[in-house]
Amino acid sequence: MAKQIQAIRGMNDILPTQSPLWQKLEAVLRDTVAAYGYSEIRTPIVESTDLFKRSIGEVTDIVEKEMYTFADRNGDLLTLRPEGTASTVRAGNEHGLLYNQEQRLWYMGPMFRHERPQKGRYRQFNQFGVEVYGIASADIDAEVLMMSHRLWQKLGISEHVKLELNTLGDAQERAAYRDALVAFLEQHKEKLDEDSQRRMYSNPLRVLDSKNPEVQALLGDAPALMDYLGEESRGHFAHLCELLEAVGIQYEINPRLVRGLDYYNRTVFEWVTDSLGAQGTVLAGGRYDGLVGQLGGKDTPAVGFAMGLERIVLMLETLALTDDVSGPVDVYVTAMGDDCRVAAIKVAQQLREVDGLKVMSHCGGGNFKKQMKRADKSGAKLAIVIGETELANGQVALKYLREDKEQELVAQDSLAAYVAELI
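Please read all numbers here as calculations on a predicted model, not as lab measurements.

(A) Examining the pairing of strand 14 (residues 382-386) more closely. With respect to burial, strand 14 is a largely interior element, 5 of its 5 residues being buried. Side-chain alternation along strand 14 places Leu382, Ile384 and Ile386 on one buried face and Ala383 and Val385 on a second face that is also buried. In the sheet, strand 12 (residues 331-335) pairs with strand 14 via 5 bridges, with the strands oriented parallel. Bridge pairing in strand 14 places valine 331 opposite leucine 382. In this structure, strand 14 lies alongside strand 15 (residues 395-400), joined through 4 bridges in antiparallel fashion.

(B) Spotlight on the sheet that holds strand 8 (residues 252-253). Here we have 8 strands laid out as an open sheet, ordered 1-5-6-11-10-9-7-8, and mixed in their pairing. Each end of this open sheet is capped by a strand with a single partner; those strands are strand 1 (39-40) and strand 8. As paired strands, strand 6 (residues 124-133) and strand 11 (residues 302-308) are joined by 7 bridges and run antiparallel to one another. The partner of valine 132 across the bridge, within strand 11, is valine 303. In this fold helix 1 (residues 19-35) packs onto strand 5 (103-112), strand 6 and strand 11, with an angle of close to 160° to the strand it touches most, strand 5.

(C) Geometry of the side chain of glutamate 131. By the element assignment, glutamate 131 lies in strand 6. Buried within the structure, glutamate 131 lacks any salt-bridge partner; its nearest side chain of opposite charge belongs to arginine 81, at an N-O separation of 10 Å.

(D) The arrangement of the packing of aromatic side chains in detail. Counting across every chain of the model gives 5 aromatic pairs. Judged by centre distance (6.5 Å) and plane angle (45°), the rings of phenylalanine 128 and phenylalanine 305 are tilted. In this pair, phenylalanine 128 is assigned in strand 6 and phenylalanine 305 in strand 11, connecting sequence segments 177 residues apart. The class for phenylalanine 128 is buried, based on a relative accessible area of 0%. For phenylalanine 305, a relative accessible area of 2% gives the class buried. Ring geometry for tryptophan 152 and tryptophan 271: centres 6.0 Å apart, planes at 75°, overall edge-to-face.

(E) How the structure looks around helix 7 (residues 194-202). Within the sequence span of helix 7, burial applies to Ser196, Arg199 and Met200. What you see down the axis of helix 7 is that its buried residues fit within an arc of 125°, all on one side. At the N-terminal end of helix 7, a side-chain oxygen is found 2.7 Å from the backbone nitrogen of serine 196, two or three residues along, and the residue is aspartate 193.

(F) How the structure looks around the packing of helix 2 (residues 49-56) against helix 4 (residues 85-94). With their axes 10 Å apart at the nearest point, helix 2 and helix 4 run at an angle of 110° to one another. One element, helix 2, and the other, helix 4, form an angle in the roughly perpendicular class. Contacts between helix 2 and helix 4 pair Leu51, Phe52 and Ser55 from the former with Ala86, Ser87 and Arg90 from the latter. Per-class residue counts for the contact of helix 2 with helix 4 are 3 nonpolar, 2 polar and 1 charged.

(G) Just helix 6 (residues 171-187), in detail. Given a rise of 1.5 Å per residue, 17 residues ought to cover 24 Å, and the 24 Å separating the end C-alpha atoms of helix 6 matches this to within 8%. Turning to helix 6, its buried residues number three or more, namely Glu173, Arg174, Tyr177, Ala180, Leu181, Val182, Phe184 and Leu185. Looking at the packing, one finds that the buried side of helix 6 touches helix 7, helix 8 (213-218), helix 9 (231-246) and strand 9 (265-273).

(H) Here's a closer look at the environment of glutamine 6. With respect to the secondary-structure elements, glutamine 6 resides in the segment before helix 1. Here the alpha-carbon distance between glutamine 6 and glycine 235, two residues 229 residues apart in the chain, equals 54 Å.

(I) Highlighting unusual backbone geometry. With phi around 50°, arginine 266 is a residue other than glycine that occupies positive phi space. Tracing the backbone shows arginine 266 in strand 9. Phi at alanine 320 is positive, roughly 55°, even though this residue is not glycine. Following the sequence through the fold, alanine 320 ends up in the loop between helix 11 (309-318) and strand 12. Look at alanine 320 and you get exposed, because its relative accessible area is 51%.

(J) Quick peek at the confidence of the model for the protein. The predicted model of the protein has a mean per-residue pLDDT of 89, with 97% of residues at 70 or higher. Helix 3 (residues 61-66) is the least confidently modelled element of the protein, averaging 70 in pLDDT, while strand 1 averages 98, the highest of any element.

(K) Representation of the side chain of aspartate 330. Of note, aspartate 330 is situated in the loop between helix 11 and strand 12. We note that aspartate 330 is buried and unpaired, the nearest opposite charge coming from lysine 381 at a distance of 4.3 Å. Those residues in contact with aspartate 330 that lie beyond four places of it in its chain are Gly356, Leu357, Lys358, Ala380, Lys381, Leu382 and Ile423.

What counts, and at which threshold
Residues numbered from 1 in each chain as written. Predicted model: local features only at pLDDT ≥ 70, side-chain atom pairs only at ≥ 80, totals over all residues. Heavy atoms only, no water. Buried < 20%, exposed > 50% of the residue type's maximum accessible area, 1.4 Å probe, protein only. Helix = DSSP H or I, 4+ residues; strand = E, 2+ residues; numbered from the N terminus. Pairing = 2+ DSSP bridges. Contact = heavy atoms within 4.5 Å. Axes fitted to C-alpha atoms, helices over the stretch in contact; angles between N-to-C directions. Lys, Arg positive; Asp, Glu negative; His and termini not counted. Salt bridge = Lys/Arg side-chain N within 4 Å of Asp/Glu carboxyl O. Phe/Tyr/Trp six-rings, centres within 6.5 Å; stacked < 30°, edge-to-face > 60°. Arc of directions from axis to C-beta. Polar contact = N/O pair within 3.5 Å; in protein donor to acceptor, adjacent residues only side chain to side chain. Parallel < 35°, antiparallel > 145°, perpendicular 65-115°, else oblique. Nonpolar A, V, L, I, M, F, W, Y, C, P; charged D, E, K, R; others polar. Expected span 1.5 Å × (residues − 1). pLDDT = per-residue confidence, 0-100.

What follows is the structure, given as structure tokens:
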């Protein structure tokens, strides 16, 4: 017997019993971005490795440790995309979508990072993201945060997440702060862990994001980034906070929030939850005004966010918010005897003309008990039974599979309208 081939570690199947919840989540995401007037963009899964080195930064965990990179037959280095923003900017530059224009875009699809698999975090994961280009003002920062807040409301988890905000200022302000932070870290180098020492010169702001409690205690005396911001950066952040307060979105300013990618400036944010055990991030983003120019385009203001769908699915399951997820079948149509099968097929086709109605026909024959067992297993709410008596009278028997109701006889020519009222 041939050896079974297993899925690659960290790359999971989404099975038929799980896919309805995914479909519900994806529908909520699509409906929400449509309500804000955003357009979908789809980019390739494989990109040039240089795209991610130049955008994400060479001294980041993603580029140093996590990317799936390989040489193709021409010797070109290619990478399975680890995130969606760089690809969106590359596509915008390549097709002339960004310069001197406004674009409000969204994407959804698989990303790849070679990190240690754990619940809700996988090596192939599905990500949803929003990207806005060509608007520099704080009102668009507020809009993407309002959109994310709306998502939580529609999913029923707004009470289980909280918003953390920070500002990183512009490049010059960040450079001045960087020098001050490095000087502080040098004075306390012996107290830093190995990871923080490695980042101290290459990417010192990431030290602020250290998960080491001893490093965090040390950083209590570190210079504050807010003290190095100019009037324009302060004003941008203050206006954003005013707008969030005006629409009733609560937030907490976290001066240690820097985000893991090099391209962020000014606004950065995370939505976090403790519903999955230790506090974790479920959505993150910010402003990246320099990225378009960094990747060969004209300087263009930009802001956006991304979220991993696996963690949202896990959160919905953990909070038992899956009761309203509909299954793949509403009605199961059966035929009792060879003479009734053609009629059953016709009835099923007529029912499928009802918008949104999901109908499964029984195939493969079998007695009444077997067919009813299949109907129940399908998850259908109703079973349509056509026997010789029903066929002769132009009727069907309608059985309620999920409710304690008596079986009914319904005329075939009025069945579609009748079922549409029930479902």
